[in-house]
Amino acid sequence: MKICSLASGSKGNLIYIGYNNTNLLVDFGISTKEAEIRLASIGVRPESIDAILITHEHKDHIKGVELFAKKYGVDVYAYNGTWDLLDKTFKEINLKKRIDFFLGDFFLGELTVVPFKVSHDASACVGFSFIQGSNKISVATDLGFVCESAINNLKGSDIVLIESNHCAELLHMGKYPYFLKRRVSSREGHLSNEDAAVLNLELAKSGTKQIILAHLSAENNRPELAYKTTANLLEAGGAVINKDVYIDIAFQDKKTALFEVV
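What counts as what
Note that residues are indexed from 1 along each chain, following the sequence as it is written. Per-residue local features are limited, in this predicted model, to residues with pLDDT of at least 70; the limit for side-chain atom pairs, both in listing and counting, is 80 or more; totals at the level of whole chains, interfaces and linings are taken over all residues. To obtain the side-chain values, all non-hydrogen atoms of the structure were included, while hydrogens and water were left out. Only strands that DSSP links by at least two bridges are regarded as paired with each other. Put simply, DSSP H or I for four residues or longer makes a helix, DSSP E for two residues or longer makes a strand, and each gets a number counted from the N terminus. Orientation is described by lines fitted to C-alpha atoms, with helices fitted over the stretch in contact, and by angles between N-to-C directions that extend from 0 to 180 degrees. Any pair of residues with heavy atoms lying within 4.5 Å of one another is described as a contacting pair. Note on exposure labels: buried denotes an accessible area under 20% of the residue type's maximum, exposed denotes more than 50%, and partly exposed covers the range between, all computed with a 1.4 Å probe on protein chains only. Two N or O atoms count as a polar contact when they lie within 3.5 Å, although within protein this holds only if one can serve as hydrogen donor and the other as acceptor, and sequence-adjacent residues are included solely when both atoms are side-chain atoms. What a helix is expected to span follows from its residue count: subtract one and scale by 1.5 Å. For this quantity, the arc is that covered by the directions from the helix axis to the C-beta atoms.

## Some details on the sheet that holds strand β13 (residues 246–249)
Neighbouring strands of a sheet are bound in pairs by backbone hydrogen bonds; such pairs are parallel or else antiparallel.
Here comes step 1: Taken in spatial order, the 7 strands make up an open sheet running β7-β8-β9-β10-β11-β12-β13, and their pairing is mixed. Across the chains shown, the open sheet's two edge strands, defined by having one partner strand only, are β7 (106–108) and β13. Strand-to-strand twist of the sheet, defined as the mean angle between neighbouring strand axes without regard to direction, takes the value 25°.
Here comes step 2: Of the strand pairs in this sheet, strand β11 (residues 159–163) and strand β12 (residues 210–214) are connected by 5 bridges, and their pairing is parallel. The partner of Ile162 across the bridge, within β12, is Leu213.
Here comes step 3: This element, helix α9 (residues 223–236), spans β12 and β13 of the sheet and lies at about 165° to β13.

## A few points about the side chain of His215
Here comes step 1: Tracing the backbone through its elements, the reader meets His215 in the loop between β12 and α9.
Here comes step 2: Taking the relative accessible area as the measure of exposure, His215 reaches 4% and is therefore buried.
Here comes step 3: Here Asp142 takes part through its side chain, which lies 3.4 Å from a polar atom of the side chain of His215.
Here comes step 4: Sequence-distant contacts of His215, defined by excluding residues within four places in its chain, comprise Ser8, Gly9, Ser10, Asn13, Asp60, His61, Thr141, Asp142, Glu163, Ser164, Asn165 and His190.

## Observations concerning α9
Here comes step 1: For α9, with 14 residues, the first-to-last C-alpha span of 20 Å sits near the 20 Å given by 1.5 Å per residue.
Here comes step 2: All of the buried residues in α9 are Ala226, Thr230, Ala231 and Leu234. End-on view of α9: buried residues confined to an arc of 115°, all on one side of the axis.
Here comes step 3: Looking at the packing, one finds that the buried side of α9 touches α8 (193–205), β12 and β13.

## Focus on the pairing of strand β1 (residues 2–7)
Here comes step 1: Within β1, 5 of the 6 residues are buried, leaving the element largely enclosed by the surrounding structure.
Here comes step 2: Bridge count between β1 and strand β2 (residues 14–19): 5 bridges; the pairing is antiparallel. From the neighbouring strand, Lys2 faces β2, where its bridge partner is Gly18.
Here comes step 3: Examined bridge by bridge, β1 and strand β14 (residues 259–260) share 2 bridges and lie antiparallel to one another. If you follow Ile3 over to β14, its bridge partner there is Phe259.

Shown next, in the form of structure tokens:
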């Protein structure tokens, strides 16, 4: 199985998941043209994409869905009930391409997909685990706190892409108005570096070998802060970075490496 973050942040999110002939995208918040370029850079043809899986209806996760789906005839999957909101945005996606999923395993090609709810201020925000045999990759891009269900689904993943949105101190001291600071730091907002580090330590103890820190705030975070916060806590817990566990950053304007678990 492979994963690559093609874009990550408040200006647009796009994640590639692949295994053999199965090619999936999680969210689609950038332009079709830019997505085509970044997919080509990892050797993936846009016409080979089997499905787009939507985590929630916020614009930075869906604004490029309609054009790409229409151009390439891709199936679009959204959580049951979310389509009522998405229908207001998506006018030209063929009805046969609009597919509901529920909180239960389903199959796409050679992969088992396990959606799980996370806490975010959307109609229903989900994360995903992708399973093939004994291998597991999980994605949770927007969550205010980590509930028990999310932890249980994330545990045992070989690779996780997890939100590390903001430094609590930078957010507190920053330029955001009070209502926005309150929204970001709430239990339905975004995960701080500090909370992400606590989660990542637990995941590393469960066997996770690769952590990708995602959805970093351009205003209230720094890549080096996100990295150090998780790395320091993992080291304090006895892990050796770049031996026991690897940490990488997902950026807004460029792709990550193409990570693979075999």
